[in-house]
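# A look at the structure
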Amino acid sequence: MPEADDSQKEKQYHPDVPQKNVPFPLKGSGSYDWGMKNRLARTFEPETGRTVMLAVDHGYFQGPTTGLERIDLSIVPLVPHCDALFCTRGILRSLVPPQTQKPIVLRASGGPSILKELSDEEISMDMEDALRLNACGVGIQVFVGGEFETRSVHNMTKLVNLGMRHGMPVMAVTAVGKDMKRDAQYFRLACRMCAELGATYVKTYYVDEDFETVTSSCPVPIVMAGGKKMPEFAALRMAYDAIQGGAAGVDMGRNIFQSDAPSAMIQAVRAIVHTNETPERALELYRALRARLGRKKAR
Ligand code: 5RP
């Protein structure tokens with residue numbers, strides 16, 4: 001037999017060193033296969049187990065939302081500051097440079113516009129296309145209590161089945177109708193349903209009372225949805241309270257890209273998520289960065 005390995009170096013078998021089984025620390029995710037775990041580890045920073053996702057998918061049902069009229073100009077420069085970008089495949093293909101190293105989570109549901117019943121959604125993308133686009137996850141709306149509740153839950157379970165086949169995490173987004181009560185009781189129900197039916201992680205809204213019961217009764221990670229634009233300090237406080245209440249990160253849109261200084265705002269949110277800064281300290285950071293950016297522009 002010819003010897004392919006003709007190195008003269010001594011073999012290093014280390015028979016006395018037991019091989020370690022490195023545990024996968026993300027909540028509820030230890031039983032997945034390698035591809036799924038790798039995609040999750042790219043989305044949730046392995047050191048903190050947390051993520052700052054930048055949500056810019058709004059156009060899929062409400063057109064050119066304020067702040068997203070020109071994603072090439074307003075959002076692409078923010079991408080280096082996020083851990084993952086949540087967008088539609090249309091925006092990804094047309095505007096996001098493929099050189100980006102950031103993980104992409106793709107919006108995979110849609111159908112009705114703001115002019116119609118929003119819960120009347122379908123799955124809007126093949127898993128093959130998500131793979132072709134090298135996505136690290138797909139996101140889908142689930143309308144618990146909505147008019148098309150069963151359909152939207154089934155949309156999610158279908159996507160989960162496809163995701164399991166291909167190692168693609170599915171983020172379930174607990175959508176709330178205009179007239180629905182947003183309280184911990186509702187979000188406990190919605191988040192737990194999504195997790196039980198297979199969502200890899202869940203995006204949900206923060207509630208002032210008992211948010212920690214929403215996170216603790218959900219066996220998979222929760223990322224906090226941002227919601228309508230509010231003053232910067234209020235948004236930072238909400239992000240802080242959500243993280244301290246057990247959220248594994250945020251998926252924020254309008255409170256970042258509609259801020260007076262989006263780049264400063266996303267960096268302040270990062271400080272809250274990844275280094276547990278208080279909202280007061282994060283606001284100071286926001287103001288300092290905003291001033292610095294203002295000076296740069298003036299030059
Ligand atoms: C609606 C969505 C969005 O389209 C979007 O991601 C919301 O982001 P934000 O509320 O922070 O602007 O998921 O449920």
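Keep in mind it's a predicted model, so treat the numbers as computed, not measured.

Procedures and definitions
- Residues numbered from 1 in each chain as written.
- Predicted model: local features only at pLDDT ≥ 70, side-chain atom pairs only at ≥ 80, totals over all residues.
- Heavy atoms only, no water.
- Helix = DSSP H or I, 4+ residues; strand = E, 2+ residues; numbered from the N terminus.
- Buried < 20%, exposed > 50% of the residue type's maximum accessible area, 1.4 Å probe, protein only.
- Near = heavy atom within 4 Å.
- Polar contact = N/O pair within 3.5 Å; in protein donor to acceptor, adjacent residues only side chain to side chain.
- Areas by Shrake-Rupley, 256 points an atom, 1.4 Å probe, with all protein chains shown as cover.
- 1 Å grid on protein atoms, 1.4 Å probe; cavity = no way out; pocket = protein on both sides within 12 Å on 5 of 7 lines; lining within 4 Å.
- Sits in = over half its atoms within 2 Å of the grid points.
- Nonpolar A, V, L, I, M, F, W, Y, C, P; charged D, E, K, R; others polar.
- Expected span 1.5 Å × (residues − 1).
- Contact = heavy atoms within 4.5 Å.
- Axes fitted to C-alpha atoms, helices over the stretch in contact; angles between N-to-C directions.
- Parallel < 35°, antiparallel > 145°, perpendicular 65-115°, else oblique.
- Left-handed = near helix turned anticlockwise from the far one by under 90°.
- Pairing = 2+ DSSP bridges.
- Salt bridge = Lys/Arg side-chain N within 4 Å of Asp/Glu carboxyl O.

### Brief notes about unusual backbone geometry
- The backbone of Asp210 sits at a positive phi, close to 65°, despite the residue not being glycine.
- Here Asp210 is to be found in the loop between β8 (201-204) and α8 (211-216).
- What makes Asp210 partly exposed here is its relative accessible area of 36%.

### Brief notes about the site of the ligand
- Contacts to the ligand come from 15 residues, most closely from Asp57, His58, Gln141, Lys203 and Gly253.
- One of the side-chain nitrogen or oxygen atoms of Tyr205 is found 3.5 Å away from an oxygen atom of the ligand.
- Burial of the ligand by the protein amounts to 96% of the accessible area it has alone, namely 380 Å².
- Spatially, the ligand is embedded in the largest pocket.
- Split by residue class, the shell around the ligand holds six nonpolar, five polar and four charged.

### Some details on helix α12 (residues 279-298)
- With 20 residues, α12 should cover 28 Å at 1.5 Å per step; its first-to-last C-alpha distance of 28 Å lies within 8% of that length.
- Buried-residue contacts for α12 involve α9 (232-244) and α11 (262-275).

### Here's the deal with the packing of α9 against α11
- Between α9 and α11, the least distance of the axes is 9 Å, while the angle of their chain directions is 25°. When the axis of α9 is compared with that of α11, the two are roughly parallel. By crossing handedness, the relation of α9 to α11 is classed as right-handed. Across from Glu232, Ala235, Leu236, Ala239, Tyr240 and Ile243 in α9, the residues of α11 making contact are Met265, Ala268, Val269, Ile272 and Val273.
- Class assignment of the residues belonging to the contact of α9 with α11 gives a composition of ten nonpolar, no polar and one charged.

### Quick notes on the side chain of His274
- Its place among the elements puts His274 in helix α11.
- Look at His274 and you get buried, because its relative accessible area is 13%.
- Side-chain polar atoms of His274 contact the side chain of Thr48, separated by 2.9 Å.
- With near-sequence residues (within four places) excluded, His274 lies in contact with Glu45, Thr48, Arg50, Thr51, Val52 and Asp83.

### Section: the environment of Val22
- Inspection of the secondary structure puts Val22 in the segment before α1 (34-43).
- Taking the relative accessible area as the measure of exposure, Val22 reaches 72% and is therefore exposed.
- Sequence separation between Val22 and Gln141 is 119 residues; the distance between their C-alpha atoms is 33 Å.

### What to know about the pairing of strand β1 (residues 51-55)
- Counting buried positions along β1 gives five out of five residues, so the element sits mostly inside the fold.
- On β1, burial covers both faces: Thr51, Met53 and Ala55 on one face and Val52 and Leu54 on the other are all buried.
- Both β1 and strand β2 (residues 84-87) contribute to a ladder of three bridges, which runs parallel. Considered in β2, the bridge of Met53 is made with Ala84.

### Let's talk about the pattern of salt bridges
- Per the counting criterion, the structure on display carries 16 salt bridges.
- Across the pair Asp129 and Arg132 runs a salt bridge whose closest N-O atoms are separated by 2.6 Å. One end of the pair, Asp129, and the other, Arg132, are both in helix α5 (residues 127-132), three residues apart, so they sit about a helical turn from each other.
- The exposure class assigned to Asp129 is buried, which follows from its relative accessible area of 4%.
- Connected through salt bridges with shared partners, the residues Arg89, Arg93, Asp129 and Arg132 form a single ionic network.

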